[in-house]
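Listed below, chain by chain, are the residues.
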Amino acid sequence: MITLDGVMQAPGGSKEDASEGFKYGGWVEPYGDKAYGKVVREELKPAEYLLGRKTFEIWEPYWPKHADFWPGINDGKKYIISKTRKKSDWENSIFIKSLADIKKLKRSRGTDLHVWGSAKLVQLLLKNDLVDELRLKIHPLILGKGKKLFEGGTVPTAFKLVKSIITTTGVIIAYYKRAGKVKTGNVKA
């Protein structure tokens, strides 16, 4: 979930992440409709997750008690990159420490890893060429400040749009798959 200017901070609520004085928490709420809800329900199917510590700490007290809304969230393995946390009582939570651990996970067999939120983690993955697919919900608003998806640099990579939906509230839901290296050319005037 991002804004037109790439902000991804605290889409779900005012108490989600107010760090650095962010005061627009919950900016996604006005944009829900049937199409948006259908996409979200599809994305809530059981999976394995790669999360940053801050996102995990937002989820940890909430989702174990709300699995009726997100079936499989407790059963799915949750890999959390953290230098400070080592354990959790939330079942199937596995703490990892480094980029090398993420690369090892990526090379392993198993289901795809889904990343939700986790701005710094997404930036780390982009910077190290570890993103195969982007699923973006681009909301028609500009916030001007907040944690941004593409902050901190990335490896130049081309993506191909494989699916898109435009909701009745103007949200563009776009699924991109990796398409290789960036190609350039000269525009003829």
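Anything mentioned here points back to the structure above.
This one's a predicted model, so the numbers in the text were calculated from it and none came from an experiment.

Procedures and definitions
Residues numbered from 1 in each chain as written. Predicted model: local features only at pLDDT ≥ 70, side-chain atom pairs only at ≥ 80, totals over all residues. Heavy atoms only, no water. Helix = DSSP H or I, 4+ residues; strand = E, 2+ residues; numbered from the N terminus. Buried < 20%, exposed > 50% of the residue type's maximum accessible area, 1.4 Å probe, protein only. Contact = heavy atoms within 4.5 Å. Areas by Shrake-Rupley, 256 points an atom, 1.4 Å probe, with all protein chains shown as cover. Lys, Arg positive; Asp, Glu negative; His and termini not counted. Charge placed at Lys NZ, Arg CZ, Asp CG, Glu CD. Salt bridge = Lys/Arg side-chain N within 4 Å of Asp/Glu carboxyl O. Pairing = 2+ DSSP bridges. 1 Å grid on protein atoms, 1.4 Å probe; cavity = no way out; pocket = protein on both sides within 12 Å on 5 of 7 lines; lining within 4 Å. Points joined across faces, edges and corners; volume = space filled by probe spheres on them. Nonpolar A, V, L, I, M, F, W, Y, C, P; charged D, E, K, R; others polar. Axes fitted to C-alpha atoms, helices over the stretch in contact; angles between N-to-C directions.

### As for the overall build of the chain
Along the chain, the regular secondary structure elements total four helices and eight strands. In sequence order, the secondary structure elements of the chain are arranged as β-α-β-α-β-β-α-β-α-β-β-β. With respect to the principal axes defined by its C-alpha atoms, the chain has extents near 60 × 40 × 35 Å. The burial tally for the chain puts 39% of its 189 residues in the buried class. Taking as baseline every contact in the chain between residues at least 6 positions apart, the subset at least 24 positions apart corresponds to 65%. Surface accessibility of the chain: about 11,800 Å² in total, with carbon and sulfur atoms responsible for 54%. Averaged over its 35 positive side-chain charges, the chain has a centre that lies 6 Å from the centre of its 21 negative ones.

### A short note on the pattern of salt bridges
Applying the stated criterion across every chain, the model contains 10 salt bridges. With a shortest N-O distance of 2.6 Å, Lys137 and Glu43 are connected by a salt bridge. Here Lys137, found in strand β6 (residues 133–139), pairs with Glu43, found in helix α1 (residues 34–43); they are 94 residues apart in sequence, far enough to count as distant. A salt bridge links Lys177 to Glu133, with the shortest nitrogen-to-oxygen separation between them at 3.5 Å. Within this pair, whereas Lys177 is found in strand β8 (residues 172–180), its partner Glu133 is found in strand β6, the two being separated by 44 residues in sequence. A relative accessible area of 40% means that Lys177 is categorised as partly exposed.

### Remarks on helix α4 (residues 119–127)
Along α4, the positions that sit buried rather than exposed are Ala119, Leu121, Val122, Gln123, Leu125 and Leu126. Considering only its buried residues, α4 is in contact with β2 (48–52), β3 (78–81) and α3 (99–107). Taken from the residues just after α4, Asp129 is the one with a positive phi, measuring 60°.

### Side note on the sheet that holds strand β4 (residues 93–96)
Strand order in the open sheet made by the four strands is β4-β3-β2-β5, with parallel pairing throughout. The sheet is open, and its two edges are formed by β4 and β5 (113–114), each paired on a single side. Where β3 meets β4, four bridges bridge the pair, whose relative direction is parallel. If you follow Ile81 over to β4, its bridge partner there is Ile96.

### Some thoughts on the layout of surface pockets
There is about 190 Å³ of room inside the second largest pocket. In terms of lining, the second largest pocket is formed by Gln9, Ser19, Glu20, Phe22, Lys54, Ala119, Lys120, Gln123, Lys145, Gly146, Lys147 and Glu151. If one sorts the elements of the lining of the second largest pocket by residue count, α4 sits on top with three residues. Its residues placed into classes, the lining of the second largest pocket shows two nonpolar, four polar and six charged.

### Things to note about the sheet that holds β6
Ordered by their spatial adjacency, four strands build an open sheet running β1-β6-β8-β7, and the pairing between neighbours is mixed. Of all strands in the sheet, those bounded by a partner on one side alone are β1 (2–3) and β7 (158–166). When β1 meets β6, the two strands line up parallel, connected through two bridges. Bridge pairing in β6 links Ile2 to Ile138. Sheet strands touched by α1: β6, β7 and β8. Its angle to β6, the strand with the most contacts, is close to 150°.

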